[in-house]
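Below, each chain spelled out in residue letters.
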Amino acid sequence: MDKNTQEFYDRLKVELDLSTTWPALYLFKFIVPSLQDNIERVEQAFDCMGAVIKTTKSKTGKFTSISVDVQMKDSQEIIEKYIEVSSIEGIISL
């Protein structure tokens, strides 16, 4: 992980810890190229967590937005999920 990415995650962790009482519901938002494998990999990352997952295709159908509403135990668990899905080609975390 490069220095800028690590700094981003460090800042996010601090902000989450200051603004949230854990455990808490957290809304992840991602955009992926509309390949079934990409969508399935995001869904698998949250499998067995009781997540509510909504997908919406773009007007052109080239991209799919994925919203994941899920109970997270702490900020570190959120960071680990972002890192886990970052390996999906073309994913954008919002």
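Our subject is the structure that appears above.
Rules behind the numbers
Residues numbered from 1 in each chain as written. Predicted model: local features only at pLDDT ≥ 70, side-chain atom pairs only at ≥ 80, totals over all residues. Heavy atoms only, no water. Helix = DSSP H or I, 4+ residues; strand = E, 2+ residues; numbered from the N terminus. Polar contact = N/O pair within 3.5 Å; in protein donor to acceptor, adjacent residues only side chain to side chain. Buried < 20%, exposed > 50% of the residue type's maximum accessible area, 1.4 Å probe, protein only. Arc of directions from axis to C-beta. Contact = heavy atoms within 4.5 Å.

### Details of the environment of Asp 10
Argument step 1. Mapped onto the fold, Asp 10 is located in helix α1 (residues 3–19).
Argument step 2. Distance in space between the C-alpha atoms of Asp 10 and Gln 76 is 9.7 Å, their sequence separation being 66 residues.
Argument step 3. A polar contact is formed between the side chain of Asp 10 and the side chain of Gln 6, at a distance of 2.8 Å.

### Re helix α2 (residues 36–45)
Argument step 1. Listed in full, the buried residues belonging to α2 are Asn 38, Ile 39, Val 42 and Ala 45. In a view along the axis of α2, the buried residues occupy a sector of 125°, so they form one face of it. Exposed side of α2, more than 90 degrees from the buried face: Gln 36 and Gln 44 are the residues found there.
Argument step 2. For α2, the elements touching its buried residues are β1 (24–33), β2 (52–57), β3 (63–72) and α3 (75–85).

Treat this as a map of the structure, not an account of what it does.
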